[in-house]
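# Remarks on the overall topology
Listed below, chain by chain, are the residues.
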Amino acid sequence: MAAGYLDILRARHAARLLTGTLVGRLPNGTAHIAIVLFTRAEGGSYTLAGALAAVYGLATAVGQPLLGRAVDLYGQPRVQLPASVLSALGMALLAVAGFDSLPVAYAAVVVAGVFTPPLEGGLRALWPSVLGSEDRVHRAYAMDAVAQEVMFTVGPLLVTLLVSLWSPAAALLVINVIGVLGALSVVLSEPSRTWRSAPREAHWLGALRSRGLLALLGAFFFVGMALGSITVAGVAYADDHGRESVYGWLMAALGLGALIGGAVYGARQWSGPPERRLRVIVALLALGYLPLMLTPGVVAMTVLAAVAGVFLAPAIACSFIVVDRHAPRGTVTEAFSWLVTTFGVGAAAGTAVAGPAVELGGTAWSFAVAGAGGVAALIVLLSTGRVLAVPGHSAVAVRGPGGDRDDAVGPGVSQAANGTTPSNPA
């Protein structure tokens, strides 16, 4: 299992790009947790916490595809680093200003969300030029998903540690400073500086002209909704049991389960269409979310959270391959950014619904939102099976790092692998 991942990490620039991206995404990966804890510490209600987290998610949803398209057009350094700094300044404003003025608080999270740098999509665009072959790129997608779960496991613990050592405001500031340093590491690397998107067909819809991509995004809206609702539901569960640390352990268990699932998924080669495989994985993901409504004792609930997370990383890794197969040429960063966006919108909807659900029906109701989200994602994939069965482009061959022709790869891989061709205007 580890040999394949080590082979990827030994590739030049790979470890730096992966680490820098994960560190750079730490503010985004922990934002909902940090916002909820900060709001509660300042005396705000669950509804206000959910609303602020939802606004952040919606702002991220707006910013990601726009910034992703800008990256495809102008390159990574000119977009990623300025966006990272502006996003950090937005969170700093929230930490300093607090809730003396609600409009300022909402404006702060809007700035932080809109300018969240599209590092996630940027990394996936860089993998083909760094690794070359299709098999290595697909394994990198799985490793990427596993590494994200490390962040989602460590991130909540880091936030709660910073809160316990200093304060929720300090946690917001420290996390975002770390994020800027991560983005800086990525954009100063040679692959990021030299990468250019493949030429693109001028179209105002950009990546969204792909019906298969739209179907995938519709499904992952509901996956994001399930994940977002758990953010609020976990805080409510921790409050019910009188210990703030319980929340960090639940979120860490969820990430640990996903880490294990992703590691196992990426360790083997899979045959058959990834779209069909994705339906099975999402079905198992939905099945794992439903028992959370039982809200048993802390130990049992932690186990259930770990089980619920097992199929999350495989679902994400498989979705990356599906994006590759359906993204129109020259829109690779934008297409991946739309996937991040649907997660953001879904997470925003989940937090917005879960907050009132806690106050109206208790903690179990908020966990029911997660179960419903998983089931809805499966329904979307099942109902759009014919659309997803037809990739957007036929496979083409690309040249590996050594100049030899690699095996045929999907459209997303081929367009991302073009590290020197300038983009055409959209």
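Residues numbered from 1 in each chain as written. Predicted model: local features only at pLDDT ≥ 70, side-chain atom pairs only at ≥ 80, totals over all residues. Heavy atoms only, no water.

## Description of the nonpolar core
In this structure, L94, W127, F220 and L278 are the most contacted members of the largest nonpolar core, which totals 118 residues. Of the residues forming this core, the biggest block, 15 residues, is contributed by helix α11 (residues 211–240). Among residues more than four places away in sequence, those in contact with L278 are L216, F220, A315, C318, S319, V322 and L381. (Core = buried A, V, L, I, M, F, W, Y, C linked by side-chain atoms within 4.5 Å. Buried < 20%, exposed > 50% of the residue type's maximum accessible area, 1.4 Å probe, protein only. Helix = DSSP H or I, 4+ residues; strand = E, 2+ residues; numbered from the N terminus. Contact = heavy atoms within 4.5 Å.)

## Things to note about the packing of aromatic side chains
The tally for this structure, following the rule as stated, stands at 6 aromatic pairs. Consider the rings of Y141 and F320, whose centres lie 5.7 Å apart with planes at 75 degrees: the pair is edge-to-face. Taken as a pair, Y141 in helix α8 (residues 134–165) and F320 in helix α15 (residues 312–326) lie far apart in primary sequence, 179 residues in all. In this structure, Y141 and F320 share a single accessibility class: buried. For the pair F320 and F336, a centre-to-centre distance of 6.1 Å together with 85 degrees between the ring planes defines the contact as edge-to-face. Taken together, the residues F320 in helix α15 and F336 in helix α16 (residues 332–361) connect sequence positions 16 residues apart. Of the two residues, F320 and F336, both sit in the buried class. Between the NZ or CZ atom of R124 and the centre of the ring of F336, over which it lies, the distance is 6.0 Å. (Phe/Tyr/Trp six-rings, centres within 6.5 Å; stacked < 30°, edge-to-face > 60°. Lys NZ or Arg CZ within 6 Å of the ring centre and 35° of its normal.)

## Notes on the pattern of salt bridges
In total, this model carries 8 salt bridges according to the counting rule given. Here R40 makes a salt bridge to D239, at a shortest N to O gap of 3.7 Å. Remark: D239 occurs in helix α11 and R40 occurs in helix α3 (residues 26–41); sequence separation between them is 199 residues. Among the ionic pairs, R124 bridges to E120, the shortest N-O distance being 2.9 Å. Highlighted residues: R124 and E120, both in helix α7 (residues 119–131), separated by 4 residues, approximately one helical turn. Side by side, R124 and E120 carry an identical accessibility label, which is buried. One connected set of salt bridges, linked through shared partners, spans R25, E120, R124 and D144. (Salt bridge = Lys/Arg side-chain N within 4 Å of Asp/Glu carboxyl O.)

## Points about empty space enclosed by the protein
By the definition in use, this model includes 4 cavities of 30 Å³ or more. When its volume is computed, the second largest cavity comes out at roughly 140 Å³. Together, 18 residues line the second largest cavity, and G24, R25, N28, T116 and P117 are the ones closest to its centre. Among the elements of the structure, α3, α4 (46–74), α5 (77–97), α7 and α9 (168–187) are those that each provide at least two residues to the lining of the second largest cavity. For the lining of the second largest cavity, a count of residues per class yields 8 nonpolar, 8 polar and 2 charged. (1 Å grid on protein atoms, 1.4 Å probe; cavity = no way out; pocket = protein on both sides within 12 Å on 5 of 7 lines; lining within 4 Å. Points joined across faces, edges and corners; volume = space filled by probe spheres on them. Nonpolar A, V, L, I, M, F, W, Y, C, P; charged D, E, K, R; others polar.)

## Regarding helix α14 (residues 298–309)
With 12 residues, α14 should reach 16 Å at 1.5 Å per residue; the first-to-last C-alpha distance of 17 Å fits that figure. Looking at α14, one finds that the buried residues are M301, A305, A308 and G309. The buried residues of α14 occupy an angular sector of 90 degrees when the element is viewed end-on, so they sit on one face. (Expected span 1.5 Å × (residues − 1). Arc of directions from axis to C-beta.)

## Some thoughts on the confidence of the model for the chain
Mean pLDDT over the chain stands at 83; residues scoring 70 or higher make up 88%. Looking over the chain, one finds the lowest element-wise mean pLDDT in helix α19 (residues 411–417), namely 40, and the highest in α5, namely 95. Within the model, the stretch residues 394–426 combines pLDDT values under 50 with 84 contacts to residues more than four positions away or in other chains. (pLDDT = per-residue confidence, 0-100.)

## Side note on the side chain of T160
Inspection of the secondary structure puts T160 in helix α8. If we skip the residues at most four places from it in the chain, T160 touches L37 and G248.

## Some thoughts on the packing of α11 against α15
Viewed as axis vectors pointing N to C, α11 and α15 meet at an angle of 160 degrees, and their least axial separation amounts to 10 Å. Overall, the two elements α11 and α15 adopt an arrangement that is roughly antiparallel. In this structure, the crossing between α11 and α15 has a hand that is left-handed. The segment α11 lies against α15, with G212, L213, L216, F220, V223 and L227 engaging L312, A315, S319, V322, V323 and H326. (Axes fitted to C-alpha atoms, helices over the stretch in contact; angles between N-to-C directions. Parallel < 35°, antiparallel > 145°, perpendicular 65-115°, else oblique. Left-handed = near helix turned anticlockwise from the far one by under 90°.)

## Section: α16
Along its 30 residues, α16 runs 42 Å from first to last C-alpha, staying within 8% of the 44 Å computed at 1.5 Å per residue. Counting buried positions along α16 gives 21 out of 30 residues, so the element sits mostly inside the fold. Immediately downstream of α16, the backbone of G362 shows phi near 95 degrees, a positive value.

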